[in-house]
Amino acid sequence: MSTTATPLLAAGTLLGGIGLFLLGMTMLTNGLKLAAGRALERILAAWTRTPLHGLVTGVALTALVQSSTAMTVAAIGFVNAGLLSFSSALWLVFGSNLGSSVTGWLVAWLGFSVKADAFALPFIGLGMGLYISGNGTRRGALGQAIAGFGVLFLGIELLRQGFSGLGPQALPALASDLQGLALAVLIGLGMTVVLQASSATLAVVLTAVAGGSLAVEVGAAMVIGANVGTTLTGILAAIQATANARRLAAAHVLFNVVTAVVALALLGPLLALIDTVGQWLTGHSDAVTQLVIFHTAFNLLGVLLMWPLAKPLA
């Protein structure tokens, strides 16, 4: 009995951590959308005039709502409603992919360097105070978002506890060869499809890498798979939509798949370069920071690849 109690408890902690992370992300997203109101549509119309405007807006809004999936579905909805042109929405989607890397930086900077409950609990208390005192108002919606931010980091802390309790045997033993990396991509894709959030998959992978349960190369392959997995929600959202909305979903799939193939092909050199630069800057090798920089770098690489192809693609 005692031999299974710890793994079972750790597995329960891990599931609870994923649940709290998703709950926090949902509260944050919904709260910000309610607080913004119709202003979000006006911002989108004004700030997608040029490809660069669309890209920056996609990055900024995804960083705010902490969900590239939500931004992609929103962009498809705006195109479907005729509020955005296909070419404007295209750069918004590209920017949302790049903006998804902000979650990784938050986890790396705050989730592993600050005691999570000391950081998160004041946010939950303040947020719920605003929510209860201003229920149905913008103040209440903002409170919901602030509380969600705190819940999100409590989820990260539980994820970390769960992985430390389960140990390396919790995840499949994957080698850093082609077969192992391909399987890691499929696992990352599957987790994102199940959780409906690449941010949650990224948090799980980062905590596993931080705890030594995953090699950096395998974690990077799972992150690549997670990026591809985000396309499913967009495809589902576009099934009954207009032709332009379906084209936008197809462009999102193409962007993510092309970026994934290039990132996998350059995986070894990219990680080696990132590690060398990191050691030069900080004087030590940090697997979590290396993985976060990789996530940002390969999304940026995807944007650079698509820049000359965007007009022919449109």
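Now for a quick tour of the structure. (Residues numbered from 1 in each chain as written. Predicted model: local features only at pLDDT ≥ 70, side-chain atom pairs only at ≥ 80, totals over all residues. Heavy atoms only, no water.)

1. Considerations on the environment of G148
Along the polypeptide, G148 turns up in helix α8 (residues 138–166). Note on G148: relative accessible area 0%, which makes it buried. Taking the C-alpha atoms as reference points, G148 and N30, separated by 118 residues in sequence, lie 9.3 Å from one another. Contacts of G148, omitting those with residues within four sequence positions, involve G24, M27 and L28. (Helix = DSSP H or I, 4+ residues; strand = E, 2+ residues; numbered from the N terminus. Buried < 20%, exposed > 50% of the residue type's maximum accessible area, 1.4 Å probe, protein only. Contact = heavy atoms within 4.5 Å.)

2. Considerations on the packing of helix α13 (residues 243–265) against helix α15 (residues 287–306)
Orientation of α13 relative to α15, taken along the N-to-C sense of each, is 120°, at an axis distance of 9 Å. Considering their axes alone, α13 and α15 lie oblique with respect to each other. The crossing of α13 and α15 is right-handed. Between α13 and α15, the contacting residues are L254, F255, V258, T259, V262 and A263 on the first element and F294, F298, N299, L301, G302, V303, L305 and M306 on the second. Partitioning the contact of α13 with α15 into residue classes produces eleven nonpolar, three polar and no charged. (Axes fitted to C-alpha atoms, helices over the stretch in contact; angles between N-to-C directions. Parallel < 35°, antiparallel > 145°, perpendicular 65-115°, else oblique. Left-handed = near helix turned anticlockwise from the far one by under 90°. Nonpolar A, V, L, I, M, F, W, Y, C, P; charged D, E, K, R; others polar.)

3. Observations regarding the packing of helix α10 (residues 198–210) against helix α11 (residues 216–229)
Packing of α10 against α11 leaves a shortest axis separation of 10 Å and a crossing angle of 175°. On the basis of the axis angle, α10 is roughly antiparallel to α11. Judged by residue contacts, S198, T201, L202, V205 and V209 of α10 engage V216, G219, M222, V223 and A226 from α11. When the residues that make up the contact of α10 with α11 are grouped by side-chain class, the tally is seven nonpolar, three polar and no charged.

4. Some points on α11
With 14 residues, α11 should reach 20 Å at 1.5 Å per residue; the first-to-last C-alpha distance of 20 Å fits that figure. Extensive coverage of α11 is indicated by the burial of 13 of its 14 residues. (Expected span 1.5 Å × (residues − 1).)

5. Observations concerning the side chain of T231
With respect to the helices and strands, the residue T231 is situated in helix α12 (residues 231–238). We classify T231 as buried; its relative accessible area is 8%. Among the polar contacts made by the side chain of T231, one reaches the main-chain carbonyl oxygen of V228 at a distance of 2.7 Å. Excluding anything up to four places from it in sequence, T231 contacts H252, V253 and N256. (Polar contact = N/O pair within 3.5 Å; in protein donor to acceptor, adjacent residues only side chain to side chain.)

6. Some words on the packing of aromatic side chains
Scanning the entire structure with this criterion turns up five aromatic pairs. Consider the rings of F123 and F149, whose centres lie 5.3 Å apart with planes at 65°: the pair is edge-to-face. Taken as a pair, F123 in helix α7 (residues 116–133) and F149 in helix α8 lie far apart in primary sequence, 26 residues in all. Taking the relative accessible area as the measure of exposure, F123 reaches 29% and is therefore partly exposed. Residue class for F149 comes out buried when judged on its relative accessible area of 19%. On the basis of an interplanar angle of 40° and a centroid distance of 5.3 Å, the ring pair of F294 and F298 is categorised as tilted. Of this pair, F294 and F298 both sit in helix α15, four residues apart, which is roughly one turn of the helix. Using a relative accessible area of 0% as the deciding quantity, one classes F294 as buried. According to the relative accessible area criterion, F298 is buried, its value standing at 1%. The structure contains a cluster of three or more aromatic residues connected by ring pairs, namely W91, F94, F255 and W307. (Phe/Tyr/Trp six-rings, centres within 6.5 Å; stacked < 30°, edge-to-face > 60°.)

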